[in-house]
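Spelled out, the chains give:
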Amino acid sequence: MRDRSDWQRLARDVRPRHRAFIDGAFTDAADGAEFDTVNPATGGVLASVARCRAVDVDRAVTAARRAFDAGSWSRAVPGHRKAVLLALAEKIREHADELALLDTLDGGKLITDTTTIDVPGSAAILQWYAEAVDKLYGQVAPTGPGDLAIVTREALGVVGAVVPWNYPLEMAIWKIAPALAVGNSVVLKPAEQSPLSALRLAELAAEAGLPDGVLSVLPGLGPEAGRAIGEHPGIDAVAFTGSTAVGKLFLRYAAESNMKQVWLECGGKSANVVFADAGDLDLVADRAVAGIYTCSGQVCSANSRLLVAESVADELTGRIAERAGALRVGDPLDPESTMGPLISRRQLDGVLGHIEAARAEARLAFGGRRLLGETDGYFIEPTAFVDVPDTAAIARDEVFGPVLAISTFRTEEEAIARVNASRYGLAASVFTDDIHRAHRVARALQVGTVSVNTVDALDVTTPFGGVKQSGYGRDLSLHALDKFTSLKTTWFAGSPQGSPEGRA
Ligand code: NAD
């Protein structure tokens, strides 16, 4: 087992790639501009990274289109794409420590998470899509006997992927694995806070045999490189994960450019609903703590709201406070730490602002302060408020930090109505030992995923995404392929006696 000093030593040897990866090679931004990416645990600059803008996006799209038209990837037999993606999954595993360190240093994520979740999860997801790609069949339509109509899935062409910083490698993989598997070219923009693992990934993909131009990675700022991807007329679809506000911008970019498809995975305000018949309150408390304090609350489906039946509210709040008090907030390179920093100074200020505002609307149960340790990192205490009215901002808005809003309810109908009143609809959890109630409530909740007696259940085999202003795209599972393919009908006319039936 490695300890903190082992990881610190390994971290000193990491050499981040800092140039854009376009058309199979590392390159500076056209104007040579750079921006700094910062280690959230120290506030120190990790690397100066190419600051791509519209002209660089244009270069990447041109290369992506050329590669798509040439067909060495887009029209390769599925078995070939499978082999290359499996080789990439293997390379991710070979370089697991380095990729984990990049996400820990750049994203402030616990090394215990990046080594056990982010990196192995990314390799597994890539492998899953690689293995799926030569098992996908088209359809034959039930036409009249004289005709033959087939329905095939066609790659779209050039896909733009714009992703956030909370799971830097994994969010990139969620988009590029299914998009590449079916033959698209991809132009990926990682978040400006955490571009380093995606740049290394692009290099590994080239080594695995991905042809030049098929995957370009362009670090850059949202309003520059991100917007240029949204507006580019040569991009056929954008797969976006990020905030609701920016998701709406992508809809506008598409409307004002080429009507590209826009797939949105956006924010959330996911609730735990705990009924009095939830038998094991220790399990509920464990899950509630994991649901809000994992990744310092910077998870789109974080269970940031807890609605609990009045009769068990005090008991549950006490058990949650006990567990939150035992969390060790500290250096993400230290395997003993159980909560790391927030991503940036801006995020820290935003979360502290939410906490200040909440003091006037609810009662602070625990936490609430910035933690100043040995460094200038962006650490904050795990925090919870009780007696939070539904009108309070922390009950309605996405805080994206370790802040739990607890309130009580009396009836099942009331709990359902209050969860469904949210403008978001990403996920929710239901805790109950009554199977009938679990089924009833799960069906009634307007969200993309309901976890019963757990939080944030998700796997590559099941679709993940939201409803309402949490977006409408689905990542993971075979359903993700719908975003990256269009259905083509090819109709072979029959003999002169036969004619197409049922034509519209
Ligand atoms: P963000 O919306 O600020 O940024 C996401 C991406 O969009 C980044 O790459 C950023 O550079 C880019 N971007 C920012 N401004 C842009 C602009 N004007 N034009 C084009 N692109 C722009 O989000 P964030 O702060 O990086 O991430 C946190 C958000 O992501 C939260 O709202 C969280 O809920 C959401 N998220 C959702 C999911 C999901 O699957 N639903 C998963 C993870 C995170």
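As the structure is a computational prediction, the values presented were derived from the model and not from experiment.

Calculation notes
Residues numbered from 1 in each chain as written. Predicted model: local features only at pLDDT ≥ 70, side-chain atom pairs only at ≥ 80, totals over all residues. Heavy atoms only, no water. Helix = DSSP H or I, 4+ residues; strand = E, 2+ residues; numbered from the N terminus. Expected span 1.5 Å × (residues − 1). Buried < 20%, exposed > 50% of the residue type's maximum accessible area, 1.4 Å probe, protein only. Arc of directions from axis to C-beta. Contact = heavy atoms within 4.5 Å. Near = heavy atom within 4 Å. Polar contact = N/O pair within 3.5 Å; in protein donor to acceptor, adjacent residues only side chain to side chain. Areas by Shrake-Rupley, 256 points an atom, 1.4 Å probe, with all protein chains shown as cover. UniProt positions renumbered as here; feature names shortened; annotations may be inferred. Pairing = 2+ DSSP bridges. Right-handed = clockwise from strand over helix to strand, strands pointing away. Axes fitted to C-alpha atoms, helices over the stretch in contact; angles between N-to-C directions. Parallel < 35°, antiparallel > 145°, perpendicular 65-115°, else oblique. Left-handed = near helix turned anticlockwise from the far one by under 90°. Nonpolar A, V, L, I, M, F, W, Y, C, P; charged D, E, K, R; others polar.

Engineer: Would you mind going over helix H9 (residues 244-256) with me for this structure?
Structural biologist: Here H9 contains 13 residues, and its C-alpha end-to-end distance of 19 Å stays within 8% of the 18 Å for a straight helix at 1.5 Å per residue. Listed in full, the buried residues belonging to H9 are Thr 244, Gly 247, Phe 250, Tyr 253 and Ala 254. All buried residues of H9 fall inside an arc of 165 degrees around its axis, so they share one side. Turned more than 90 degrees from where H9 packs its buried face, Ala 245, Ala 255 and Glu 256 sit exposed. Packing partners of the buried residues in H9 comprise strand S7 (158-162), helix H8 (222-231), strand S10 (237-241), strand S11 (261-265) and strand S19 (424-425).

Engineer: Looking at this structure, I do not really get the site of the ligand. What am I missing?
Structural biologist: Around the ligand there are 30 residues in total, and Glu 192, Ser 243, Tyr 253, Cys 266 and Glu 398 lie nearest to it. Measuring from an oxygen atom of the ligand, one finds a side-chain N or O atom of Lys 189 at 2.8 Å. Contact between the ligand and Glu 398: an oxygen atom at 2.5 Å from a side-chain N or O atom of the residue. Protein contacts shield 90% of the accessible area of the ligand, which totals 840 Å² for the unbound molecule. Counting residues per element, the ones that place at least two in the shell around the ligand are H8, S10 and H9.

Engineer: I'm lost on the UniProt feature "domain: Aldehyde dehydrogenase" (unreviewed entry) in the protein chain in this one. Help?
Structural biologist: What UniProt calls "domain: Aldehyde dehydrogenase" (unreviewed entry) maps, in this numbering, to residues 28-489. Helix and strand shares over residues 28-489 are 40% and 19% respectively, and the end C-alpha atoms of the span are 43 Å apart.

Engineer: For this particular structure, what's the right way to read the UniProt feature "active site" (unreviewed entry) in the protein chain?
Structural biologist: This chain's UniProt record puts "active site" (unreviewed entry) on Glu 265. Locating Glu 265 in the fold gives a position in strand S11. Owing to a relative accessible area of 5%, Glu 265 belongs among the buried residues under this scheme. Glu 265 has contacts with Lys 175, Phe 240, Thr 241, Gly 242, Phe 464, Ser 470, Gly 473, Arg 474, Asp 475 and Lys 483, leaving out every residue within four places of it along the chain. Polar side-chain contacts of Glu 265 include one of 2.7 Å to the side chain of Lys 175.

Engineer: What am I meant to see in the pairing of strand S20 (residues 427-431) here?
Structural biologist: Burial of S20 is extensive: five of the five residues sit out of reach of the surface. Burial of S20 is two-sided: the residues Ala 427, Ser 429 and Phe 431 facing one way and the residues Ala 428 and Val 430 facing the other way are all buried. Taken together, the four bridges between strand S12 (residues 271-274) and S20 define a ladder with parallel strand orientation. Across the sheet, Asn 272 pairs through a bridge with Ser 429, a residue of S20. Where S20 meets strand S21 (residues 449-452), four bridges bridge the pair, whose relative direction is parallel. Paired with Ser 429 across the bridge in S21 is Ser 451. Note that the unit made of S20, helix H15 (residues 435-444) and S21 has a crossover that is right-handed.

Engineer: Sorry if this is basic, but what is going on with the environment of His 439 here?
Structural biologist: Note that His 439 resides in helix H15. Taking relative accessible area as the criterion, His 439 reaches 51% and is therefore assigned exposed. With 230 residues separating them along the chain, His 439 and Gly 209 place their C-alpha atoms 47 Å apart.

Engineer: Honestly, the sheet that holds strand S14 (residues 363-366) in this entry has me stumped. Any pointers?
Structural biologist: Whether parallel or antiparallel, the strands of a sheet pair through hydrogen bonds between backbone atoms. Read from one edge of the open sheet, seven strands run S14-S17-S18-S13-S12-S20-S21, paired in mixed fashion. In the strand order of this sheet, the two ends are held by S14 and S21, each with one partner. The mean angle between the axes of side-by-side strands here comes to 25 degrees, regardless of whether they run parallel or antiparallel. The sheet contact formed by strand S13 (residues 305-309) and strand S18 (residues 403-409) spans five bridges and is parallel.

Engineer: Explanation requested: helix H11 (residues 310-325) in the structure shown.
Structural biologist: Think of an α-helix as turning once every 3.6 residues; residues three or four places apart then point the same way. The end-to-end C-alpha distance of H11 is 23 Å, a good match for the 22 Å that 16 residues give at a rise of 1.5 Å each. Those residues of H11 lying buried are Val 312, Ala 313, Leu 316, Thr 317, Ile 320, Arg 323 and Ala 324.

Engineer: Help me understand the packing of helix H3 (residues 78-94) against helix H7 (residues 196-208) in this model?
Structural biologist: Relative orientation and spacing of two packed helices are given, respectively, by the angle between their axes and the distance between those axes. Two elements in contact, H3 and H7, have axes separated by 8 Å at closest approach and are oriented at 130 degrees. Taken together, the axis directions place H3 and H7 in an arrangement best described as oblique. Note that H3 runs across H7; the crossing there is right-handed. For the pair H3 and H7, contact is made by Val 84, Ala 87, Leu 88, Lys 91 and Ile 92 and by Leu 201, Leu 204, Ala 205, Glu 207 and Ala 208, respectively. Along the lines of polarity and charge, the residues of the contact of H3 with H7 split into eight nonpolar, no polar and two charged.

Engineer: Is there a simple way to think about unusual backbone geometry in this case?
Structural biologist: Glycine aside, the phi torsion of most residues is negative, and most peptide linkages are trans. A positive phi angle, near 60 degrees, is found at Asn 453, a position not held by glycine. Its location among the elements puts Asn 453 in the loop between S21 and strand S22 (467-468). With a phi close to 50 degrees, Lys 468 is a non-glycine residue in the positive phi region. Mapped onto the fold, Lys 468 is located in strand S22. Residue classification places Lys 468 among the partly exposed residues on the basis of a relative accessible area of 36%.

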